[in-house]
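# Report on the structure
Residue-level listing of the chains:
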Amino acid sequence: NAGVTQTPKFQVLKTGQSMTLQCAQDMNHEYMSWYRQDPGMGLRLIHYSVGAGITDQGEVPNGYNVSRSTTEDFPLRLLSAAPSQTSVYFCASSSQGSYNSPLHFGNGTRLTVT
Amino acid sequence: TQLLEQSPQFLSIQEGENLTVYCNSSSVFSSLQWYRQEPGEGPVLLVTVVTGGEVKKLKRLTFQFGDARKDSSLHITAAQPGDTGLYLCALSRGSARQLTFGSGTQLTVLP
């Protein structure tokens, strides 16, 4: 029972480098989202998707791109990493049936940009 | 942007003590969820409260939704070390499951 799987668990980048954070879920959930978590600021929504082929911006989208070519996968791309993007990134999914459906989170990717 | 404030930010107590943490919004919200997060893991849903004045119990945890639907509280009775974690409240906006999270209460229960 994998749930939401994020890779890698840890990553160090230099300023200007690009990378993709992977997220996959095996629960056939329509809704997927990316959050970043910083000390004292809780989790902030970066991008979300309500289904394959559909994505939208959240609260803090700048510097990040997403795509949703399949129901299972929702990768997050950093085009040119900046120190301000040092954070812990969480991917989450839920069924679309009810607005109160719980979010299922992965275990996060800890990213450091030097 | 709807502000969601949690207090206290940090709480350290001895095993067996009771505690309450609070979640307050600047405006009325339709529903609120409470999550707990342990180190190295993602948040896990504890409960959803929907109706003003609603009270839900989950073993030693009691969740209350304010009558005016602008605040919520989490009360833990006889806290145990296993209750240690970051407690987050979150409210839902729109139909796309966009959750707005509070900054959390970091609870440490000492044996």
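Look up a bit, the structure's there.
Among covalent bonds in proteins, the disulfide is the one between the sulfur atoms of two cysteines. In this structure the tally under the stated criterion is two disulfides over all chains. Bridging A:Cys23 to A:Cys91, the disulfide has an S-S length of 1.9 Å. On the sign convention where negative means left-handed, the S-S torsion of about -70° between A:Cys23 and A:Cys91 marks this disulfide as left-handed. Separated by 68 residues along the polypeptide, A:Cys23 in strand S3 (residues 19–25) and A:Cys91 in strand S9 (residues 87–94) bring together distant segments of the chain. Its relative accessible area of 0% is what places A:Cys91 among the buried residues. Across the disulfide from B:Cys23 sits B:Cys89; the S-S distance is 2.0 Å. In this structure, the disulfide formed by B:Cys23 and B:Cys89 twists by about 80° around the S-S bond and is classed as right-handed. Taken together, the residues B:Cys23 in strand S3 (residues 19–25) and B:Cys89 in strand S9 (residues 85–93) connect sequence positions 66 residues apart. The same class applies to B:Cys23 and to B:Cys89, which are both buried.

Residue and element names in this part refer to chain A. Read from one edge of the open sheet, four strands run S1-S3-S8-S7, paired in antiparallel fashion. Strands at the two margins of the open sheet, each flanked by one partner only, are strand S1 (4–7) and strand S7 (64–66). On average, each strand axis in the sheet is tilted by 20° relative to the strand beside it, whichever way the strands run. Pairing of S1 with S3, which is carried by four bridges, proceeds in the antiparallel orientation. Its bridge partner being in S3, Gln6 is matched across the sheet by Cys23.

In this section: unusual backbone geometry. Between A:Thr7 and the following residue, A:Pro8, the backbone shows a cis peptide bond with an omega angle of -10°. Note the cis peptide between B:Ser7 and B:Pro8, where omega equals -10°. By secondary structure assignment, the location of B:Pro8 is in the loop between strand S1 (4–7) and strand S2 (10–14). One non-glycine residue with positive phi stands out, namely B:Ala78, at about 50°. On the secondary structure map, B:Ala78 appears in the loop between strand S8 (71–76) and S9.

This part is about the interface of chain A and chain B. Every contact between the two is made by 22 residues of chain A and, on the other side, 24 residues of chain B. Both faces considered, chain A and chain B share a buried interface measuring about 1,800 Å² in area, 53% of it formed by carbon and sulfur atoms. Here chain A is connected to chain B by zero salt bridges. Across the contact surface, chain A and chain B share five residue pairs in polar contact (both at pLDDT 80 or more). Taken together, the elements giving at least two residues each to the side of chain A that touches chain B come down to strand S4 (31–37), strand S5 (43–51) and S9 of chain A. The leading source of residues in the side of chain A that touches chain B is S5(A), at four residues. Looking at the side of chain A that touches chain B, its residues break down into twelve nonpolar, ten polar and no charged.

One finds B:Leu32, B:Trp34, B:Phe63, B:Leu74 and B:Ile76 to be the most contacted residues of the largest nonpolar core, which totals 22 residues. Residues in contact with B:Leu32, not counting those within four places in the same chain, are B:Leu4, B:Cys23, B:Val47, B:Thr48, B:Val49, B:Ser72, B:Cys89 and B:Ala90. A:Met19, A:Met32, A:Leu111 and A:Val113 belong to the second largest nonpolar core, which has 19 residues in total.

Take the side chain of B:Gln6 next. Residues and elements named next belong to chain B. Structurally, Gln6 can be placed in strand S1. For Gln6, a relative accessible area of 9% translates into the label buried. Engagement of the side chain of Gln6 in a polar contact is seen with the backbone nitrogen of Cys89, the distance being 3.0 Å. One polar contact links the side chain of Gln6 to the main-chain amide nitrogen of Gly104, over a distance of 3.0 Å. The contacts of Gln6, once residues within four sequence positions are left out, are Tyr22, Cys23, Trp34, Tyr87, Leu88, Cys89, Gly102, Ser103, Gly104 and Thr105.

On to the pattern of salt bridges, then. Residue and element names in this part refer to chain B. Inspection of the entire model under this criterion finds four salt bridges over all chains. A salt bridge links Lys56 to Glu54, with the nearest nitrogen and oxygen atoms 3.7 Å apart. Take Lys56: its relative accessible area is 31%, and that puts it in the partly exposed class. Asp83 serves as the salt-bridge partner of Arg60, at 2.9 Å between the closest nitrogen and oxygen. Residue Arg60 is located in the loop between strand S6 (55–58) and strand S7 (61–65), and its partner Asp83 is located in the loop between S8 and S9; the two are separated by 23 residues in the primary sequence.

Thresholds, definitions, all that
Residues numbered from 1 in each chain as written. Chains lettered and ligands numbered in written order. Predicted model: local features only at pLDDT ≥ 70, side-chain atom pairs only at ≥ 80, totals over all residues. Heavy atoms only, no water. Disulfide = S-S within 2.5 Å. Helix = DSSP H or I, 4+ residues; strand = E, 2+ residues; numbered from the N terminus. Buried < 20%, exposed > 50% of the residue type's maximum accessible area, 1.4 Å probe, protein only. Pairing = 2+ DSSP bridges. Axes fitted to C-alpha atoms, helices over the stretch in contact; angles between N-to-C directions. Contact = heavy atoms within 4.5 Å. Buried area = accessible area lost by both parts, 1.4 Å probe. Salt bridge = Lys/Arg side-chain N within 4 Å of Asp/Glu carboxyl O. Polar contact = N/O pair within 3.5 Å; in protein donor to acceptor, adjacent residues only side chain to side chain. Nonpolar A, V, L, I, M, F, W, Y, C, P; charged D, E, K, R; others polar. Core = buried A, V, L, I, M, F, W, Y, C linked by side-chain atoms within 4.5 Å.

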